[in-house]
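Report on the structure
Now for the letters of each chain:
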Amino acid sequence: MPEVIFPGEKGRLEGRYQPAKTRNAPIAIILHPHPQFGGTMNNPVVYNLYYQFVNRGFSVLRFNFRGVGRSQGSFDHGQGELSDAAAALDWAQSVNPDARACWIAGFSFGAWIGMQLLMRRPEVEGFISIAAPANLYDFSFLAPCPSSGLFVHGDKDAVVPTSAVQTLVEKLKTQKGIVIEQQVVPGANHFFDGKTEELMGVVGTYLDKRLPGTRKDSAA
């Protein structure tokens, strides 16, 4: 799991990067929760998401948004963090020029940033949005949502009511040309405390359906 430093808009950004063994492997970018509420690239959900993609042959990058860990800069309420995410994808593409596709996975605040990046980068062909904060941030920019993907939520989430995500998902499901799936993890709170294994089971099942034959025997 090599440590990497790559350039962002406000200075260096710190990440962890696992290259794939094949030249044309797809890229995955993993985005962490809110920087001002303890979110980092080492969050357990982010860490396990990283390995869901590593174990399916992706080149995978997770990183700290500006002002977190050794990443330079300071919190910018989303706009700067979107720039950081774009810089991360730029860097990953620069070291994987033959990559055939890209996926974005985000958790909470990271899900909001990831969906914005999805709108700006047509090469992103799939997404995983976990505990998307649909009641806290405006997701109306998904008009239309350009890629198929999965929303996962906990039914005991006290930060983002399940109904808020349900409303967003139902709106996206009316769009033609994409398939939006939603899964609810019973008993899980916003942070999936004690439910990370169940969450990764849901994510892994979805990835195996979208990417048949890519899973390796090793597990996170």
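All residue numbers here refer to positions counted from 1 along the written sequence of the relevant chain. Per-residue local features are limited, in this predicted model, to residues with pLDDT of at least 70; the limit for side-chain atom pairs, both in listing and counting, is 80 or more; totals at the level of whole chains, interfaces and linings are taken over all residues. The side-chain figures draw on all heavy atoms in the structure; neither hydrogens nor water molecules are used.

For the rest of this paragraph, the subject is the overall build of the chain. Strands are runs of DSSP state E lasting at least 2 residues, helices are runs of H or I lasting at least 4, and numbering of each runs from the N terminus. Helices and strands together make up the secondary structure of the chain, namely five helices and eight strands. Element order for the chain, N to C, with α for helix and β for strand: β-β-β-α-β-α-β-α-β-β-α-β-α. Against the 2.2 N^0.38 benchmark of 17 Å for 220 residues, the chain shows a C-alpha radius of gyration of 16 Å, consistent with a compact globule. Oriented by its inertia axes, the alpha-carbon framework of the chain measures out at about 40 × 40 × 35 Å. Counting all 220 residues of the chain, 55% fall into the buried class. Contacts are assigned to residue pairs that have any heavy atoms within 4.5 Å of one another. Expressed as a percentage of contacts within the chain between residues at least 6 apart in sequence, the contacts between residues at least 24 apart total 70%. Using a 1.4 Å probe, accessible areas were evaluated by the Shrake-Rupley method; residue-level cover was limited to the displayed protein chains. Surface accessibility of the chain: about 9,600 Å² in total, with carbon and sulfur atoms responsible for 51%. In the chain, which carries 21 positive and 20 negative side-chain charges, the distance between the mean positions of the two groups comes to 4 Å. The quantity called the radius of gyration is restricted to C-alpha atoms. Its globule counterpart is 2.2 Å times the number of residues to the power 0.38. Accessibility here uses a 1.4 Å probe with only protein chains present; expressed as a share of the type maximum, an area under 20% marks a residue as buried, one over 50% as exposed, and anything in between as partly exposed. His is not counted, nor are the chain ends, whereas Lys and Arg count as positive and Asp and Glu as negative. In this description, the location of a charge corresponds to atom NZ of lysine, CZ of arginine, CG of aspartate or CD of glutamate.

Next up on the list: the UniProt feature "domain: Xaa-Pro dipeptidyl-peptidase-like" (unreviewed entry) in the chain. In this structure's numbering, the residues bearing the UniProt feature "domain: Xaa-Pro dipeptidyl-peptidase-like" (unreviewed entry) are residues 17-141. As annotated, residues 17-141 comprises 32% helix and 20% strand, and the C-alpha atoms at either end are separated by 29 Å. UniProt positions are given in the numbering used here, feature names are shortened, and annotations may be inferred rather than shown by experiment.

Our next topic: the layout of surface pockets. Any residue with an atom within 4 Å of a point lines the site, the site being either a cavity, points on a 1 Å grid over the protein atoms alone where a 1.4 Å probe fits but cannot get out, or a pocket, an open set with protein on both sides within 12 Å along at least 5 of 7 lines. Grid points are joined across faces, edges and corners, and a volume is the space filled by probe spheres set on the points. Roughly 250 Å³ of volume is contained in the largest pocket. As for the largest pocket, its lining consists of 15 residues, of which His 34, Phe 37, Ser 108, His 190 and Phe 191 are closest to the centre. Of the residues belonging to the lining of the largest pocket, the class tally is nine nonpolar, six polar and no charged. In the scheme used here, Gly and all other residues not listed as nonpolar or charged are polar, with Ala, Val, Leu, Ile, Met, Phe, Trp, Tyr, Cys and Pro taken as nonpolar and Asp, Glu, Lys and Arg as charged.

Put simply, Ala 143 and Pro 144 share a cis peptide bond, and its omega is -5 degrees. Not every positive phi belongs to a glycine, and Ala 131 is a case in point at roughly 50 degrees. Considering the arrangement of structural elements, one finds Ala 131 in the loop between β6 (124-130) and β7 (148-154). Accessibility expressed as a relative area gives 0% for Ala 131, which makes it buried. With phi around 55 degrees, Phe 192 is a residue other than glycine that occupies positive phi space. Position of Phe 192 relative to the elements: it lies in the loop between β8 (180-185) and α5 (196-210). Taking the relative accessible area as the measure of exposure, Phe 192 reaches 1% and is therefore buried.

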